[in-house]
Amino acid sequence: MTPLEYAQACLTTRLQDLSQRAASIERSRQHRQRPLSADSEDRATERENDEVLDRLAVTTQVEISQTRHALSRIQDGTYGLCESCGEPIKPSRLQAVPEATQCSGCAASAQRAA
Ligand SMILES: [Zn+2]
């Protein structure tokens, strides 16, 4: 298995996991159509849970789009190249973060800018 095939296998598995996670989050979110509890303390807990679910839904969607993006880069042959400086991303970084689109240098400066 080439490193590229390995990355593709990782990303594909990850996309499946993420899709399943997104589906189960969606099921839990639909579940909340229930009337809120009459007890105000319960209500606060329910709202907190809803917020956690909302955040989880957002991060899952972001991860899904990052993973899809990385897979499309494998297809078009640009996988492993930094989107900012065009230099190859270190294989060790790609192994740890298969969906990375920036080399560690560019990722670090993007984080500093954010
Ligand atoms: Zn770079």
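Please read all numbers here as calculations on a predicted model, not as lab measurements.

S.K.: Describe the domain arrangement of the protein chain, listing the residues and the values that go with them.
M.R.: With domains assigned, the protein chain is organised as domain 1 (1-79) and domain 2 (80-114). Centre-to-centre separation of domain 1 and domain 2, based on C-alpha positions: 22 Å. The partner domain 2 presents 8 residues to the 11 residues of domain 1 that form the contact. For the pairing of domain 1 and domain 2, the buried interface totals around 820 Å² over both sides, and the portion due to carbon and sulfur atoms is 51%. Considering only the surface of domain 1 that becomes buried against domain 2, R14, R73 and Y79 emerge as the three largest contributors, covering 53% of it. Our enumeration of links across domain 1 and domain 2 arrives at 2 salt bridges. At the boundary of domain 1 and domain 2, one finds 7 residue pairs in polar contact (both at pLDDT 80 or more). Contributing elements (two or more residues each) for the side of domain 1 that touches domain 2: α1 (3-31) and α2 (40-76). No other element matches the 5 residues that α2 contributes to the side of domain 1 that touches domain 2.

Criteria and cut-off values
Residues numbered from 1 in each chain as written. Predicted model: local features only at pLDDT ≥ 70, side-chain atom pairs only at ≥ 80, totals over all residues. Heavy atoms only, no water. Domains from an automatic or database assignment. Contact = heavy atoms within 4.5 Å. Buried area = accessible area lost by both parts, 1.4 Å probe. Salt bridge = Lys/Arg side-chain N within 4 Å of Asp/Glu carboxyl O. Polar contact = N/O pair within 3.5 Å; in protein donor to acceptor, adjacent residues only side chain to side chain. Helix = DSSP H or I, 4+ residues; strand = E, 2+ residues; numbered from the N terminus.

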